[in-house]
Amino acid sequence: MNKIAFGTLAALGAIALPTAAHAQSDTRPEITVGAQVGLHDLGIDLGDLDADDGDFNNLDIDDSGEIYGGFIAADFPLGETLFAGVEGNANFGSGPIDAEYGLAARLGIRTEGGSKIYARGGYQWVDLDAGNVIGVPDFDEDDFDLDTTAGDYLLGVGVEVPVSRVVLRANVDTIAFDTLRGTVGVGFRF
């Protein structure tokens with residue numbers, strides 16, 4: 001599945017980057033820097049585990065956590081309404097999420113009022129707090145030399161609405177169709 005995701009992103013980049021580079025020679029990129037908050041549901045399902053005696057049903061799994069962080073996006077016009085861009089994000093979390101960070105390509109349209117509606121695809125890494133996931137707060141991953149960071153492809157949709165130089169935005173994403181993440185944010189456009 002990762003090969004398909006990387007192939008798709010490579011194809012999108014091969015199409016969008018030359019056009020974006022040409023567009024950059026005509027106009028400057030639009031840069032947005034901001035802060036975001038959200039909720040990330042990791043989608044942990046104990047029903048997927050093969051347990052005959054049901055012991056896994058007694059685990060107190062916390063698979064949803066708030067995230068707080070920032071983003072930076074650069075969009076290049078591809079015509080009157082179409083644009084392509086790139087975006088990076090970094091967040092810290094509560095509950096089962098220590099941190100998460102990623103990169104994505106964006107492709108969308110701009111309305112007459114300056115709002116942007118876009119789809120995005122990229123790669124996201126999530127560093128889990130294993131102790132909070134399994135309900136044992138004193139559990140230390142370092143004691144067992146566990147690597148609790150996992151990554152996979154990200155797909156999502158979003159909207160940005162300008163209010164002068166301030167941008168209000170909302171995004172809904174999934175990581176490999178296993179998790180669901182919603183974020184809202186405010187940014188400044190340069």
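Residues numbered from 1 in each chain as written. Predicted model: local features only at pLDDT ≥ 70, side-chain atom pairs only at ≥ 80, totals over all residues. Heavy atoms only, no water.

**Q** Provide a residue-level description of the pairing of strand β5 (residues 116-128), including the pertinent values.
**A** Two strands pair when backbone bridges link them, and strand β4 (residues 97-110) and β5 are joined in this way by 13 bridges, in the antiparallel orientation. Residue pairing for β5: Ile 97 is matched across the bridge by Leu 128. In sequence, β4 turns back onto β5 through a hairpin of 5 residues, with Gly 114 there showing a positive phi of about 100°. (Pairing = 2+ DSSP bridges. Helix = DSSP H or I, 4+ residues; strand = E, 2+ residues; numbered from the N terminus.)

**Q** Could you give an account of empty space enclosed by the protein, with specific residues and numbers?
**A** Overall, the coordinates contain 1 cavity of 30 Å³ or more when judged by the stated rule. The space that makes up the largest cavity amounts to roughly 40 Å³. Put simply, the parts of the chain that give the lining of the largest cavity at least two residues each are β3 (82-93), β4 and β5. (1 Å grid on protein atoms, 1.4 Å probe; cavity = no way out; pocket = protein on both sides within 12 Å on 5 of 7 lines; lining within 4 Å. Points joined across faces, edges and corners; volume = space filled by probe spheres on them.)

**Q** Tell me about unusual backbone geometry, residues and numbers included.
**A** The residue Ser 164 is not glycine, and still its phi comes out positive at about 65°. Summarising the element assignment, Ser 164 is placed in the loop between β6 (149-163) and β7 (166-175). Take Ser 164: its relative accessible area is 74%, and that puts it in the exposed class. The backbone of Ala 176 shows a phi angle near 55°, a positive value even though the residue is not glycine. Tracing the backbone through its elements, the reader meets Ala 176 in the loop between β7 and β8 (180-189). Judged by relative accessible area, Ala 176 falls into the buried class, the value being 14%. (Buried < 20%, exposed > 50% of the residue type's maximum accessible area, 1.4 Å probe, protein only.)

**Q** Give me the pattern of salt bridges: which residues, what numbers.
**A** Considering all chains together, one arrives at 14 salt bridges under this definition. Measuring nitrogen to oxygen at the nearest pair gives 2.7 Å for the salt bridge that ties Asp 75 to Arg 106. Placement of Asp 75 in strand β2 (residues 64-77) and of Arg 106 in strand β4 is noted, with a sequence separation of 31 residues between them. For the pair Asp 75 and Arg 106, a shared accessibility class is recorded, and that class is buried. Residues Glu 100 and Arg 181 are paired through a salt bridge, measuring 2.5 Å at the closest nitrogen-oxygen approach. (Salt bridge = Lys/Arg side-chain N within 4 Å of Asp/Glu carboxyl O.)

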